[in-house]
Structures are given as structure tokens and as C-alpha cells.
Amino acid sequence: MRMSLMALIVVSTVGLVGTGATIGIVDYFAGDLPSINAIQTSNLIQTTRILDRNGDLIEALYHENRTVVPLSKISLKLQRATIDTEDRTFYDNSGVDYRRLAIAIVYDITHHTSTLGGSTITQQVVKNDVLDTDEAQSRTVSRKFRELLLAEEMERRYTKQQILELYLNTINYGNGAYGAEAAAVTYFQVHASDLTWAQASFLAGLPQAPSSYNPFGTPDQQLAAMDRWGQVLDGMVAVGDLRRSEADAIYASDLLKKMVAVRQSMPAAHNAVTAHFVDYIEHYIKLRYGEQALYEGGLQITTTLDLKTQAMADKWVKAGVNTYARRGVNNGAMLVMNPSDGEILAMVGSADYYNASIRGQINLTGMDPLGWRGVGSSFKVYTYGAALQAGIVTPASLVNDQTGVIGGHSFSDWDGKHEGYIPLRKALAESRNLPALWTYSLAGGDRIVSFMHNLGVTAQIENPEGVATTLGHDALSMSEHLAAYSAFDNGGYRVSPHAVLRVTDASGKVLEALDASAGRPQVISPELGYMMTDLLRGPVKLYLGGLGSRPVAGKSGTTEAYTGSIFIGYTPDIAVAASLMHIDAGATCNSGYAYLATNFPPSGWQCPTSVLFGENVGISVWKPFLEEYYASHPWPAMWAQPAGVVTRQVCSYDGGFVTSGGYNEIFLKGSGEPRYPCGANPYPGQKPYTPPVPSPSPAPTPTGTPSPH
């Protein structure tokens, strides 16, 4: 029966070709052949590529790894090797090679097998791109008959060049690579236009059985790939595209060995160094364009990330974890941003993305609310910023580091000491707690939280009226926290973290592009931003050595029981936040320091370390990152003092103005300048002010008399 049916196909088809009856049958079987627009290469499923800001590939996303290219961008060597292997009469046949088909049928019947193929390239295009999946996989006579007629009809509608281009862009080459361009990159890290004879001949053999001829697979699969390669080379010699000596030299080369070595040296598909950033990009694109566009649309997503900066940030986070491992640190994060527009230059969401024991896949930079953390004393900038803006204090104001009872609650500082009444500038630089608590009380929680929200931090504060809020126990997004600090740096503009510069579709049409000036409202005055920056240079000078002479501003933050420490700050052209902590999977805290949690139940998520201040993060992670970054980038100029910021001389007694004998401090011109003379505003218990006795002026030297040496 099988023999009769197969013979019927051949006889019927040959008999019909060129007769009037062909028209009716073709109309019946080929009437629904898709238009060229429906199956042309531009409509094929394509790979989406995520690029860094310099155009370097971060990751490819796909259901089928494919990059469509015109035939002119596919090496003639691969075209010839493919035709020699798959369909030697391609340019002469009408879509079906009836002689070859008849030989295949006879062979299959006489050998009781179906291994000898008779399909032309055109038939394979019909099977892969025209017939639906179920029909293409069926082995019925009617399906084969339809395939033959559709191949004939395709040859009438499309040119040979169009058909070959479709074939070379759709065929499966194995290891997830569909089409010549993806195959060339997957196996040889070159473009399809640059393939050598050795590479082209190897690829030409894969589509017959890509899972069996896997050069990266088992020894048996590798041996099968070599045997298949030899068959292809023999075929190319038979048609005259290669001489025997050339084919033998190609086969004797170490091509396979090199392929395997390069493959083994390449990072995993989801590189741990950039995995958190890629996760964020995938989420962003899915929300805007849908999952199908992400994995099949051939999008090109040019991101804000800089891969060199990313690698540097990852290096220093890991270094910090190693440095303080004996104190219980096992995780960390870093975010690097352009403070002018919020472009994310580096995002290290954890110390080890694939380490489940530290919840490594949770992004601690706060792009995901699961990764929000307490920020410790780095919250104090909102307290002092709001109070300065309201004119409640100035940088010279003496703030209370003496009294530990506020509103009936007792507080102490990190060192258990009291420094009396000290200038606000010193209180911020040394991160004294009591002055920040008293300033929070004076300014009021609503004012301070509103100031913070205005800068772009969206977190809801648990107890705005509680003065302890200024100590930073509320969980914030690191990314929003850093963006808020950026407003001090950029002249007072609120920016949001951005990860995408441009998205284009497979045809090159721009779907979106970042407008750096959009959504950038002025939320504080440039004068206040400059003043906060000048104040934040204090902690850098105090703790970070040589960076103190550079245009660098920053603040440390240490959470209760050392569950997470942070250093956050900026230069005129980058803003950086870094943190270290201990996190365990599950509910149990295994750091060994759970006993330090006296005011909360320790858990895997809230897990104390040994003593770890924000300054430790600054010294071991933040500072060396900045130094390495500027080893390859020019240092920017120092911030320019706006006209609305004035320098006045004040006294250390109470911060009042003096004409001489004091020290210089900056103030907001007009409303922010000291309004009282030195001595008019003593703090409680201070001795009365005694003006300094002016030094006697030296006697003038008589004219003509030499002065002594």
C-alpha cells in the first residue's frame, strides 16, 4: 500500500505538471499560500538584544535565537555550502527535484526506511514556514502532495534569492540558533557575512539533525558532527567548489577544538554580573510592550549601563563582603547613577546572584520593593535639608548634642558620648544622633517627610512624628535614595532612575528614546543643593582620606544592630550608593550576632552582623570604587558656588555674626544668613559671651628708617 501511494504521488504530479488540470489542483492546495509579506524575513521571530550604552551586548533574549539579515549579509561560502549539501539543483529546479524525489522513494521502499531525503530547499521552506506545525510533522500522502504543489507555487511567486534568504534565516542550526546570523555568532562569534570555508561547511551540515550533530555535546555527538562535516566537504568537492586537498586541510584543522574551548570560556547565558539589571530590563519591556515582543520581536534595547563600570562595581562589592566576612557580612549591593538625569551606569543587586542561601536574586538596589532596606543615618540629610530650607537652622547653628531625653524618650549616640552644643556642620560630618533628633523635633516630621517625598523617595514612613525616624530605620529604595541625593548635586532637580536609552524594533523604528530633560522638575533651589553638598563634603574629609580634597560629597548610614550599613554620595558626574549586610534564606538568622538585636526579632532578612559602620563601607567599597573609576575618567571641576550663597564670618560661641576673629561659613543669602551678633544666642548653661580683646596694632615704622629683621 505504501509503495502504491508513493508511486501515485510521483505519477500524478509528473502527469499534472504543465497541464490545464494543474490550475484547479494548485488553486485547491495552494490557494491559501501566504503572501510574501506574511512570510518574508522581516516577519520572522527574532532575538531581542540588550546592549550597554556603548553598544556592547549584555544579553540576548529569545524563544528562537534569530537575527534576520538580507542575503547580501550572508557569506557566499555558506550559500554555496548549503546548496551543495541540501539542493544541488536549486537554481535549476522548479521547487521540486522530481528525479531526486523518485530516487529517494525507491531507496526508502527497497531499504524499508525513510532516511534518504528528497526535499529541495524550497520544499523545506514550505514545510518550516508555510505549513502549520501539526501538518508539517504529519507523514500523510496528502501532506506530501500539498508540500510539492506549494513548492511549485512558491517558485512562481518568489525569486530564488527570496527563497534562499528565507531558508537561511529560518533553519534550525542547533543550540538555540535559528538562521545563519545567529548560528555564526553562536558557534564562531562572527557575523554570517564573515564565515570562512571551514566555518561555512560545518554550519551547512547541522540543519539535517542539529541535536545529533552538537559540537558542544557528548563525545558521540561531537563525533557525529565531525562525520557530518566530512560528508559536506565531500559533497563540495564533488560539485567543484573545493579541491580535495582544500577539503582535507579544512577537515584536519582544529576547528571543533577551538569552538569547544571558546564556548567553555564564555559566561553563562544569564551572566551573574549583570543578571539583576537584565531582570529589571525584562520586567520593564514586558510591562510596556508585552512578553511576545520581548522574546520574539527582535528589539534592540540600548540601556544606560556601562559594562566596565558594572564589572568594577561588582568587583568592589565582592571585595567588601570578603573584607568583613569575619564580622558576619555575606551580601552587598551597589548602584551607580548619572546625577544629572538618573541614568543607571551600574547595578549590583547582590554579592552573588546564584547563591540562594543569601537570597541572591533579590535586588538590593531597591528597583524591587523586596530589596528595600533601612538606610541609617544617611536619612539625616532630609532632616537637615528641610530645616535649612525652612530657615530653622544654618550650617553655623549650634545643635544639641547634650540632652538625651526628647519628648519623654531617652536616646544615646553611637559612641555613648555627649559633645555639648556643636555647629550643625560638625554634627552632620560626625553623624551625631542627638543633634539630628533635636533638629527633627524642631522642624517637624511632616515637613521633613514632605521634603523627602519631594525629592523622589516614595516610601511611606511608619511614624512621621517620631523623632527616631531621622535615624533611618524605615525601609527605603536605594535607587530612590540615591536619586534624591542627586538633587543636591545637580542644582536642585528631581530625577528618577532610568535604565533604557533607546528601544528599536526589528525594522529599526525607534519605539522610545530617553529624553533627559523630561520629568526633571526643580524641587529645591540650587543654593540649598550647593549648601547640602558643601556640608556633605565633611564626612568625606573626615573618613575617606585623599578624597576629601576632591569634589566628593557623601554620608554614611548604620542601621540598628548593624543589620545593614551604607555609604552614599556623589561627585559632579556620578552618584554612588554601596551597602554591606548579612542575609540568610528562610526565617533564621545564622550570622552569629543575633543577640545584638535587642529591639526587634532577628530573622534571615533582618540579621545583625558584628560592628559594621557605614564608614567601613565607605572605606572598603565606596572609596576604592571611586578611585578606580577616576583612574580612567578625568576628575570633574569643583562645584561652583551660586550667587545666592554667601560667605559670612561667624563666631564659634553661638554662630552669630562677627566682623573679625571668627571663621567663615556659607549661608543662604537673605533669609538664611545669621540674624544676631555673636554672643546674643547662648545655649543653656553656657558662660556669658566675652568679646575677644583686639590685638594692638603695631607701631608705624618712621619713613626712611629700615624695619628690623
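Scroll up a little and you will see the structure.
Figured I'd write up the structure that's included with this text.

A short note on empty space enclosed by the protein
In this structure the tally under the stated criterion is three cavities of 30 Å³ or more. Volume-wise, the largest cavity comes out at about 110 Å³. For the largest cavity, the lining is made up of 13 residues, of which Arg373, Gly374, Met478, Ile566 and Ser579 are closest to its centre. Among the secondary structure elements, those contributing two or more residues to the lining of the largest cavity are β8 (373–374), β17 (564–570) and β18 (575–581). Take the lining of the largest cavity: its biggest share by element is three residues, from β17. Classifying every residue of the lining of the largest cavity gives seven nonpolar, five polar and one charged.

Considerations on the side chain of Asp584
By the secondary structure assignment, Asp584 is in the loop between β18 and α24 (614–631). We note that Asp584 is buried and unpaired, the nearest opposite charge coming from Arg359 at a distance of 7.9 Å. For Asp584, the side chain forms a polar contact with the side chain of His582, separated by 3.0 Å. For Asp584, the residues in contact, after removing those within four places along its chain, are Asn330, Ser357, Arg359, Cys589, Asn590, Ser591, Gly604, Trp605 and Cys607.

Some remarks on the state of the cysteines
Applying the stated criterion across every chain yields a total of two disulfides. Put simply, Cys589 and Cys607 are joined by a disulfide, and their sulfur atoms are 2.0 Å apart. For the disulfide bridge between Cys589 and Cys607, the dihedral angle about the S-S bond is near 70°, and by the sign convention the bridge is right-handed. Here Cys589, found in the loop between β18 and α24, pairs with Cys607, found in the loop between β18 and α24; they are 18 residues apart in sequence, far enough to count as distant. The two residues Cys589 and Cys607 agree in class, both being buried. In this model Cys651 forms its disulfide with Cys678; the gap between the sulfur atoms is 1.9 Å. Because the torsion about its S-S bond is 100°, the bridge between Cys651 and Cys678 counts as right-handed. A residue pair is termed long-range when its members are at least 10 positions apart, and Cys651 in the loop between β19 (645–650) and β20 (663–668) and Cys678 in the segment after β20 qualify at 27 residues.

As for the sheet that holds strand β1 (residues 48–51)
Spatial ordering of the open sheet is given by β2-β1-β5-β14-β15, a layout of five strands whose pairing is mixed. Edge positions in the open sheet fall to β2 (57–61) and β15 (510–513), since each of these has one partner strand only. Each strand of the sheet is rotated relative to its neighbour by a mean of 15°, with strand direction disregarded. Across three bridges, the pairing between β1 and strand β5 (residues 300–303) is parallel. Residue pairing across strands places Arg49 opposite Gln300, the latter belonging to β5.

Quick notes on the environment of Val611
By the element assignment, Val611 lies in the loop between β18 and α24. Taking C-alpha positions, Val611 is 9.6 Å from Thr563, a pair spaced 48 residues apart along the chain.

Remarks on unusual backbone geometry
One non-glycine residue with positive phi stands out, namely Arg359, at about 55°. Take Arg359: it is sitting in the loop between β7 (344–348) and β8. Since its relative accessible area comes to 25%, Arg359 is described here as partly exposed. One non-glycine residue, Ala561, adopts positive backbone phi at about 60°. You can see Ala561 is positioned in the loop between β16 (553–558) and β17.

Re the packing of aromatic side chains
In the structure shown here, the tally under the stated rule is 18 aromatic pairs. Between Phe202 and Trp229, the aromatic rings sit 5.7 Å apart at their centres with planes inclined by 75°, giving edge-to-face as the arrangement. With Phe202 in helix α11 (residues 197–205) and Trp229 in helix α12 (residues 219–239), this pair connects stretches of sequence that are 27 residues apart. Ring geometry for Tyr353 against Tyr354: centres 5.0 Å apart, planes inclined by 90°, an arrangement best described as edge-to-face. By relative accessible area, which is 6% here, Tyr353 ends up buried. An aromatic cluster is built from Tyr187, Phe188, Phe202, Phe216, Trp229 and Tyr251, whose rings are joined through pairwise contacts. If you follow Lys160 out to its NZ or CZ, it ends over the ring of Phe90, 4.5 Å from the centre. Between Arg520 and the ring centre of Tyr493, over which it is positioned, the NZ or CZ distance is 4.1 Å.

What counts and how
- Residues numbered from 1 in each chain as written.
- Predicted model: local features only at pLDDT ≥ 70, side-chain atom pairs only at ≥ 80, totals over all residues.
- Heavy atoms only, no water.
- 1 Å grid on protein atoms, 1.4 Å probe; cavity = no way out; pocket = protein on both sides within 12 Å on 5 of 7 lines; lining within 4 Å.
- Points joined across faces, edges and corners; volume = space filled by probe spheres on them.
- Helix = DSSP H or I, 4+ residues; strand = E, 2+ residues; numbered from the N terminus.
- Nonpolar A, V, L, I, M, F, W, Y, C, P; charged D, E, K, R; others polar.
- Buried < 20%, exposed > 50% of the residue type's maximum accessible area, 1.4 Å probe, protein only.
- Lys, Arg positive; Asp, Glu negative; His and termini not counted.
- Salt bridge = Lys/Arg side-chain N within 4 Å of Asp/Glu carboxyl O.
- Polar contact = N/O pair within 3.5 Å; in protein donor to acceptor, adjacent residues only side chain to side chain.
- Contact = heavy atoms within 4.5 Å.
- Disulfide = S-S within 2.5 Å.
- Pairing = 2+ DSSP bridges.
- Axes fitted to C-alpha atoms, helices over the stretch in contact; angles between N-to-C directions.
- Phe/Tyr/Trp six-rings, centres within 6.5 Å; stacked < 30°, edge-to-face > 60°.
- Lys NZ or Arg CZ within 6 Å of the ring centre and 35° of its normal.

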